[in-house]
There are 2 protein chains.
Amino acid sequence: MTDTKKKLAITELALRDGHQSLLATRMRLDDMLPICEKLDTIGYWSIEAWGGATFDTCLRYLKEGPWVRLRELNKALPNTPIQMLLRGQNLLGYRHYADDVVKKFVDMAAANGVDVFRVFDAMNDLRNVRTAVNQVKANDKHAEGTICYTTSPVHTLEYFIDLGKGFEDMGCDTLAIKDMAGLLTPTATRELILALKQSVSIPLHLHSHATAGVAEMVQWEAVHAGCDIIDTAISPLAGGTSHPPTEAMVAAFAGTEYDTGLNLVALQEIAAYFKEVRKKYARFESDSTGVDTRVFVNQIPGGMISNLANQLRDQGAQDKMDAVLDEIPRVRKDFGYPPLVTPTSQIVGTQAVLNVMSGKKYKVITNETRDYLKGLYGRALGEINEEVRKLAIGDEEPIDIRPADLLVPELDALTREVGDRATSVEDVLSYALFPTIALEFFEERASGQFKPESLDTPLEASSTPEVVTAPSL
Amino acid sequence: MTDTKKKLAITELALRDGHQSLLATRMRLDDMLPICEKLDTIGYWSIEAWGGATFDTCLRYLKEGPWVRLRELNKALPNTPIQMLLRGQNLLGYRHYADDVVKKFVDMAAANGVDVFRVFDAMNDLRNVRTAVNQVKANDKHAEGTICYTTSPVHTLEYFIDLGKGFEDMGCDTLAIKDMAGLLTPTATRELILALKQSVSIPLHLHSHATAGVAEMVQWEAVHAGCDIIDTAISPLAGGTSHPPTEAMVAAFAGTEYDTGLNLVALQEIAAYFKEVRKKYARFESDSTGVDTRVFVNQIPGGMISNLANQLRDQGAQDKMDAVLDEIPRVRKDFGYPPLVTPTSQIVGTQAVLNVMSGKKYKVITNETRDYLKGLYGRALGEINEEVRKLAIGDEEPIDIRPADLLVPELDALTREVGDRATSVEDVLSYALFPTIALEFFEERASGQFKPESLDTPLEASSTPEVVTAPSL
Ligand SMILES: [Co+2]
Ligand SMILES: [Co+2]
């Protein structure tokens, strides 16, 4: 051991991506608070505990104030930075928001307890994250720029380096690689990290889903190539579509020059706690908690395949699955190879289904496809198929500006609109993001009687997630 | 890619250790045969499909002829070597056997379809494996010498190298490292493999249980250090106390110089098959299929801890668990640091329980402890605590010869004893290994009416596995 010992840092995902991946985002604050004191002693680099799908789920199903959750967690974790996942200009909602809403949202998240903001855009369009990142820095908080990792003929190492530099130039404090589909192999990871390390000087943070069973090796190689921080989930919320187990990664690096210094026995106690908690959410367990390597064959994220399977089953067209899986890469190519993550995964997937079901490519075109091809989600990295674009928007010119530049300030209007049903700025923001369910939530709150979904009754047939829509013109 | 491309070889464990680890060894031949044609096209180095606990389970619970199973698998897998796990002089039974029984058993296993014999001894005492290994070679089959991996002050790299050389000198074709407790870390693995590679010229084969969630990284490092063959289980029978998922390891090495060349899509089809099969055995699922890193804290295999917990619960002494876990390393030290694997894990564990429960160390001493300290299981690597030995066997001299040298030939006597209830040499061997249940099995077979345990009714309270006893004098 030398003095140059390089401690590996760990972000714990139990309170956000762990249960979002494995338990339909259903974990309640009541099951988090009892373990926070112990979590807070561990010495994590951060605990991801807010954002992603949790905000929506809190309002919609748990009838739990998302801002209350954040404040409570902030009180319960005084020594550990709280991390959130933020979809850039899209925040946590279903459309792009005007800059004034984005700024206020970041202000309030910071004020209520978020320390680390992981900011990404599905198109990797830096223009869609700049407002959020700037506002994080204006609040003196930690901004983590985030590359959505994918593979395609245009997603070269050079491209990812440029993107990383873009985030660094923007003032980001760290750079995350978000491998939502679990596409990274150990070898690809080594190459990517080595390349980024040569060109980007801010610390690197790896987030790679364990779906295909290779994420532990991916992290092992990443750390040896210079990655500074890895994302793990305590073992009862690890594996499958979630992430490598915290204890396993801590044990694997123990005694090496990357030793995390985290206490394995304390982590085992946390694991024992969450093992019991998980049982309460049995009705939200998905059928696919095992290893699934299909992403290496067809490059399509596992979650997207399940959604498509549901869509096709609803239409009695299960037999079209293979045709749809074959069509997806073609649509993705026509669209200039967007990463497949919310919302692009839904846009590409739905269009592929229509291309197959209608018997003719682009005979039926969704509004989301139209918006996408207009440029309303941002700029694609690859070339758009101009024939397809013509079919979708005719002679209309696609936009070349930042999509949110089309939006006028909207906070005042939203504030007036919601009126005294909102009791705080945070309420207005909840209303901005999820108008209908926020109003329902406010109403239940005012009545003194929340009606959360039950943990006991069987889960209703899963519905396809809503599509994030582009700003309407 | 160069011409020196070094293909990584894979042993598939689905048909033996996979279900032994996860489904109490209960998988039936009927659930294996339908997928054999596909398994046989993969190009595995071997398929482990016999031995271990399967022989006992076939006779005891499934009422399935273990020799019939072997012949059927051999017919169904014409292109793939069938591998078995053999406990040296102990074969698959509960005591040491005379050499004539060991030789005949190997002859019959070879004749009925075993191609690769993985031979180990719990004490790593080469004298306990020599008869079996020689007989494998006499049958022109593949002998795999096996190191039981453990950690202790006396288990040095030099020791493992000597042991490996001992197996090589004995004529073994490959050398396996059997990490039954999942104690190997990636770094320890790298050191071990590099050291063995320098001194042993036969190919290395790694078997490391995934209990602690680090086995994928262990294999990744092992292969880069020169390991030639790794043990994996198709994903629905992987993870937890089993092994790394086959598809994940194949995907991880794909495109590297260690590419296995195995077809990922074909493996996914096999996985889909076993995913359904596993559901049939739900009643045999253990509660601990997740990641458990406690072995890195106390060096005690997970399976041993569950057995001890059962023992203590039966005696209403759950509160003694911590005391027992503290006592185990002390007993193990007194015993000269045996690896903790059947039967040594039971001997050490039971003695530790008695030391705690009786309130005084070695106040009560089991027959197995006595036999162990007499040398009847073989030679311990470390020094035996002579005070403890004196307490156990008084002034009696421990033996210094090979334990089986105390046994006279027994095959003829066994043959006479079982008489015409046995209809073949194989039957005599079944009777030699499991006298009581073999006779029951023969009786049911003669009556034309097997009574296998049901797959539907709830599992009875798990009983502690029988202890393998030393040869009685
Ligand atoms: Co994620
Ligand atoms: Co094993």
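Just so we're clear, the structure is a prediction, and the values are computed from it rather than from any experiment.

> Help me out: how do you make sense of the confidence of the model for chain A in this one?
Close inspection of predicted coordinates is inappropriate for parts of the model with low pLDDT. Predicted confidence across chain A gives a mean pLDDT of 93, with 95% of residues reaching 70 or more. Considering only residues more than four positions removed or in separate chains, one finds that residues 461-473 of chain A, a stretch of pLDDT under 50, has 34 contacts.

> Teacher, can you tell me more about the coordination of the cobalt ion (ligand 2) here?
Where a metal carries four tetrahedral donors, each ideal angle is 109.5 degrees; where it carries six octahedral donors, the ideal angles are 90 or 180 degrees. All names here are of chain B. The protein atoms donating to the cobalt ion (ligand 2) are D17 (OD), H207 (NE2) and H209 (NE2), with metal-donor distances spanning 2.0 to 2.1 Å. Of note, the cobalt ion (ligand 2) draws all its donor residues from one chain, in the sequence arrangement D-x189-H-x1-H. You can see D17 sitting in helix α1 (residues 14-22) and its partner H209 sitting in the loop between β7 (204-208) and α9 (215-225), a full 192 residues away along the chain. Comparing D17 with H209, the two get one shared label, buried.

> It is not clear to me how the packing of helix α14 (residues 321-334) of chain A against helix α15 (residues 344-357) of chain A should be interpreted in this structure. Could you clarify?
What describes two packed helices is the angle between their axes and the distance between those same axes. Residue and element names in this part refer to chain A. Between α14 and α15, whose axes approach to 8 Å, the crossing angle comes to 120°. Taken together, α14 and α15 sit at an angle that is classed as oblique. The two elements α14 and α15 meet at a crossing, and its hand is right-handed. Between α14 and α15, the contacting residues are A323, V324, E327, I328, V331 and R332 on the first element and V348, Q351, A352, V353, N355 and V356 on the second. When its residues are assigned to classes, the contact of α14 with α15 shows 8 nonpolar, 2 polar and 2 charged.

> Can you walk me through the pattern of salt bridges in this structure?
Opposite charge on two side chains lets them pair, provided their charged atoms get close. All told, the structure shown has 64 salt bridges over all chains when counted by the stated rule. The salt bridge involving A:R26 is made with A:E453; its shortest N-O contact spans 2.5 Å. Note that A:R26 is positioned in the loop between α1 (14-22) and α2 (29-42) and A:E453 in the segment after α20 (435-446), a separation of 427 residues in sequence. For A:E453, a relative accessible area of 17% translates into the label buried. When the shortest N-O distance is used, the salt bridge between B:E426 and B:R71 registers 4.0 Å. Of this pair, B:E426 sits in helix α19 (residues 425-433) while B:R71 is found in helix α4 (residues 66-76), placing the two residues 355 residues apart along the sequence. Judged by its relative accessible area of 13%, B:E426 falls in the buried class. The partly exposed category is assigned to B:R71, whose relative accessible area is 36%. A network of salt bridges, in which partner residues are shared, links A:R16, A:D17 and A:E48.

> Would you mind going over the domain arrangement of chain A with me for this structure?
Size of an interface, as often reported, equals the accessible area lost when the parts are brought together. Residues and elements named next belong to chain A. According to the domain assignment, chain A consists of domain 1 (9-284) and domain 2 (305-400). Taking the mean C-alpha position of each, domain 1 and domain 2 sit 28 Å from one another. If you look at the interface, domain 1 gives 20 residues, while domain 2 gives 18 residues. In this assembly, domain 1 packs against domain 2 so that about 1,400 Å² is buried in total across both faces, 67% of it on carbon and sulfur atoms. On the domain 1 side of the interface with domain 2, the three residues burying the most area are A122, M123 and R127, jointly 41% of the side's total. Applying the counting rule to domain 1 against domain 2 returns 0 salt bridges. Joining domain 1 to domain 2, the criterion identifies 5 residue pairs in polar contact (both at pLDDT 80 or more). Classifying every residue of the side of domain 1 that touches domain 2 by side-chain character gives 8 nonpolar, 7 polar and 5 charged.

> Whenever I open this one, the relation of the copies chain A and chain B confuses me. Can you help?
For these two chain copies, the linking operation is a rotation about an axis paired with a shift along it. Here chain A sits on chain B after a turn of 180° about the axis and a move of 0.0 Å along it, with an RMSD of 0.0 Å. Read as a symmetry element, the transformation amounts to a two-fold axis. Relative to the rotation axis, the closest C-alpha in chain A is found at A:M217, a distance of 2.6 Å.

> How should the coordination of the cobalt ion (ligand 1) be read in this particular structure?
Residues and elements named next belong to chain A. Surrounding the cobalt ion (ligand 1) are the protein donor atoms D17 (OD), H207 (NE2) and H209 (NE2), at 2.0 to 2.1 Å. Donor residues for the cobalt ion (ligand 1) sit on one chain with the sequence pattern D-x189-H-x1-H. With a gap of 190 residues between them, D17 in helix α1 and H207 in strand β7 (residues 204-208) connect regions that are remote in the sequence. H207 matches D17 in its accessibility class, with the two residues each being buried.

> Help me understand the pairing of strand β4 (residues 116-119) of chain B in this model?
The side chains of a regular strand alternate, residue by residue, between the two faces of the sheet. Residue and element names in this part refer to chain B. Across the two faces of β4 the burial is the same, with V116 and R118 and F117 and V119 all buried. A crossover connection joins strand β3 (residues 82-86) to the parallel β4 through helix α5 (residues 99-112); in handedness this β-α-β unit is right-handed. Pairing between β4 and strand β5 (residues 142-148): 4 bridges, direction parallel. Each bridged residue has a counterpart across the sheet, and for V119 the counterpart in β5 is G145. Following the chain from β4 across helix α6 (residues 130-138) to the adjacent parallel β5, one finds a crossover that is right-handed.

> Where do I start with α15(A) in this structure?
Think of an α-helix as turning once every 3.6 residues; residues three or four places apart then point the same way. Residue and element names in this part refer to chain A. Here α15 contains 14 residues, and its C-alpha end-to-end distance of 20 Å stays within 8% of the 20 Å for a straight helix at 1.5 Å per residue. Counting buried positions over the 14 residues of α15 gives 11, a clear majority of the element. Those residues of α15 not exposed but buried are T344, S345, Q346, I347, V348, G349, Q351, A352, V353, N355 and V356. Contacts from the buried residues of α15 go to α13 (302-314), α14 and α16 (367-374). Once α15 ends, the next one or two residues include G359, with phi positive near 80°.

> I tried to follow the interface of chain A and chain B on my own but got confused; where do I start?
The interface of chain A with chain B comprises 29 residues on the first partner and 29 residues on the second. When the two sides are added together, the surface that chain A and chain B hide from each other amounts to roughly 2,200 Å², 67% of it contributed by carbon and sulfur. If you sort the residues of chain A by the area they bury against chain B, A:M217, A:W220 and A:T293 come out on top, with a joint share of 23%. Counting across the chain A and chain B interface gives 0 salt bridges. Linking chain A with chain B are 4 residue pairs in polar contact (both at pLDDT 80 or more), by the criterion used here. If you list the elements that add at least two residues to the side of chain A that touches chain B, you get α8 (186-199), α9 (215-224), α10 (246-253), α11 (264-280) and α12 (295-298) of chain A. Residue classes in the side of chain A that touches chain B are distributed as 15 nonpolar, 7 polar and 7 charged.

> What am I meant to see in the side chain of B:S235 here?
Structurally, B:S235 can be placed in the loop between β8 (229-232) and α10 (246-253). The exposure class of B:S235 is buried, given its relative accessible area of 11%. Within the structure, the side chain of B:S235 is placed 2.6 Å from the side chain of B:E247, a separation counted as a polar contact. Among all residues touching B:S235, those that are not within four sequence positions of it are A:V291, B:P245, B:E247 and B:A271.

> Which parts of the structure should I look at to understand the sheet that holds strand β8 (residues 229-232) of chain A?
All names here are of chain A. Strand order in the closed barrel formed by 8 strands is β1-β2-β3-β4-β5-β6-β7-β8, and the pairing between neighbours is parallel. Between one strand axis and the next, the sheet turns through 30° on average, direction left out of account. Across 5 bridges, the pairing between strand β6 (residues 174-179) and β7 is parallel. Of the residues in β7, the one forming a bridge with K178 is H207.

> Help me understand the sheet that holds β8(B) in this model?
Residue and element names in this part refer to chain B. Here we have 8 strands rolled up into a closed barrel, ordered β1-β2-β3-β4-β5-β6-β7-β8, and parallel in their pairing. With direction set aside, neighbouring strand axes in the sheet form an average angle of 30°. Two elements, strand β1 (residues 9-12) and β8, share 4 bridges in a ladder whose sense is parallel. Pairing of T11 across the sheet is with D231, part of β8. Contacts from α5 reach β2 (46-51), β3 and β4, with the element oriented near 160° to β3. Packed onto the sheet, helix α7 (residues 157-169) meets β4, β5 and β6 (174-179) and runs at close to 160° relative to β5.

What counts and how
- Residues numbered from 1 in each chain as written.
- Chains lettered and ligands numbered in written order.
- Predicted model: local features only at pLDDT ≥ 70, side-chain atom pairs only at ≥ 80, totals over all residues.
- Heavy atoms only, no water.
- pLDDT = per-residue confidence, 0-100.
- Contact = heavy atoms within 4.5 Å.
- Donors = N, O, S within 2.8 Å, 3.2 Å for Na, K, Ca; no water.
- Helix = DSSP H or I, 4+ residues; strand = E, 2+ residues; numbered from the N terminus.
- Buried < 20%, exposed > 50% of the residue type's maximum accessible area, 1.4 Å probe, protein only.
- Axes fitted to C-alpha atoms, helices over the stretch in contact; angles between N-to-C directions.
- Parallel < 35°, antiparallel > 145°, perpendicular 65-115°, else oblique.
- Left-handed = near helix turned anticlockwise from the far one by under 90°.
- Nonpolar A, V, L, I, M, F, W, Y, C, P; charged D, E, K, R; others polar.
- Salt bridge = Lys/Arg side-chain N within 4 Å of Asp/Glu carboxyl O.
- Domains from an automatic or database assignment.
- Buried area = accessible area lost by both parts, 1.4 Å probe.
- Polar contact = N/O pair within 3.5 Å; in protein donor to acceptor, adjacent residues only side chain to side chain.
- Least-squares fit on C-alpha atoms with pLDDT ≥ 70 in both.
- Right-handed = clockwise from strand over helix to strand, strands pointing away.
- Pairing = 2+ DSSP bridges.
- Expected span 1.5 Å × (residues − 1).

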